[in-house]
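Tertiary structure, described
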Amino acid sequence: MVYIMCVFMLGLVLGVVVVASNPSPYFGALGLVVVSGMGCGILVGHGAPFLSLVLFLIYLGGMLVVFAYSAALAAEPFPETLGSRSVAVNVVGYLVGVVLGASFFWDGWFGGLWPTVDEGVEFSLLRADVGGVAVMYSSGGLMLVLSAWVLLLTLFVVLEVCRGLSRGALRAV
């Protein structure tokens, strides 16, 4: 399980590097999906599968809105890919920064945080996220409905802004 968590963390760092180094909104949105998937995989490994599912759905809804808005405003026929020279230079620069930061903090690394939820199964009576599900539906249910409504409203606003000159009244960008 430790190897799987290492793969999730490596994917998280590489996804953040892709998001930070890419000027094209298409590949930036792909990097955001990778980052959210890897982060939710880390949450699942540490015993929060329901929270991971809810966050992944909310992140995908938010990223759908951001992707629709950025793709509509920056419609370029030939976007720069991850293999372009400028993007590759940025990727190498960010990876060098990650390696330097990791080497600086390597001595203070504490290996006791690596055990996942599967390694303490003998000592637990309930799953790790059962209490979180109850709290989310009892006192957090209104916030879930409100956040879903806000994401839907934001999607409609973005689609109205990006509709074009023929019908969209807000197309001043």
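Residues take numbers from 1 onward in each chain, read along the sequence in its written order. Totals for whole chains, interfaces and linings use all residues, but because this is a predicted model, local features are given only for residues with pLDDT of at least 70 and pairs of side-chain atoms are given and counted only at 80 or more. No hydrogens and no water enter the side-chain calculation; it runs on all heavy atoms of the structure.

Another aspect to go through is the overall build of the protein. For helices the rule is a DSSP run of H or I covering at least 4 residues; for strands it is a run of E covering at least 2, with both sets numbered from the N terminus onward. In terms of regular secondary structure, the protein is built from six helices and zero strands. When its helices and strands are written in sequence order, the protein yields α-α-α-α-α-α. For each residue, the accessible area found with a 1.4 Å probe, counting protein chains only, is set against the maximum for its type, and the residue is called buried under 20%, exposed over 50%, and partly exposed in between. Burial analysis of the protein (173 residues in total) assigns 24% to the buried set. Put simply, the protein shows about 11700 Å² of open surface, and 76% of that area lies on carbon and sulfur atoms. Each accessible area is a Shrake-Rupley result for a 1.4 Å probe, and residues are judged covered by the shown protein chains and nothing else.

Our next topic: the UniProt feature "transmembrane region" (unreviewed entry) in the protein. UniProt positions are given in the numbering used here, feature names are shortened, and annotations may be inferred rather than shown by experiment. As annotated by UniProt and renumbered to match this structure, "transmembrane region" (unreviewed entry) occupies residues 53–75, 87–106 and 134–159. For residues 87–106, the helix share is 95%, the strand share is 0%, and the end-to-end C-alpha distance is 28 Å.

Another point: the side chain of Ser 52. As for its position among the elements, Ser 52 is in helix α3 (residues 49–73). Looking at Ser 52, the relative accessible area reads 5%, which means it is buried. Once residues within four sequence positions are removed from consideration, Ser 52 is found in contact with Cys 40, Leu 43 and Val 44. Here, residues are in contact when the closest pair of their heavy atoms is within 4.5 Å.

For this analysis, a nonpolar core means a set of buried residues of the types Ala, Val, Leu, Ile, Met, Phe, Trp, Tyr and Cys, connected via side-chain atoms within 4.5 Å. With five residues, the main nonpolar core is built from Val 65, Leu 155, Val 158, Val 161 and Cys 162. Per element, the largest residue contribution to this core is three residues, and it comes from helix α6 (residues 141–161).

On to the packing of helix α1 (residues 2–21) against helix α2 (residues 25–45), then. A fitted line through C-alpha atoms serves as each axis, taken over the contacting stretch for helices, and the angle formed by two N-to-C directions is quoted from 0 to 180°. Between α1 and α2, the least distance of the axes is 8 Å, while the angle of their chain directions is 155°. Relative to α2, α1 is oriented roughly antiparallel. At the point where α1 passes α2, the crossing takes the left-handed sense. Where α1 approaches α2, its residues Met 5, Val 7, Phe 8, Met 9, Gly 11, Leu 12, Gly 15, Val 16, Val 18 and Val 19 are matched on the opposing element by Phe 27, Gly 28, Gly 31, Leu 32, Val 34, Val 35, Met 38, Gly 39, Gly 41, Ile 42 and Gly 45. Residue polarity follows a fixed list, in which Ala, Val, Leu, Ile, Met, Phe, Trp, Tyr, Cys and Pro are nonpolar, Asp, Glu, Lys and Arg are charged, and the others, Gly among them, are polar. A class-by-class count of the residues in the contact of α1 with α2 yields 14 nonpolar, seven polar and no charged. Here the word oblique covers every angle except those under 35 degrees (roughly parallel), over 145 (roughly antiparallel) and from 65 to 115 (roughly perpendicular). We call a crossing left-handed when the near helix sits turned anticlockwise from the far one by less than a right angle, and right-handed when that turn is clockwise.

What follows concerns the UniProt feature "signal peptide" (unreviewed entry) in the protein. Under the local residue numbering, the UniProt record ascribes the feature "signal peptide" (unreviewed entry) to residues 1–15. Regarding residues 1–15, the helix share stands at 93% and the strand share at 0%, and the terminal C-alpha atoms are separated by 21 Å.

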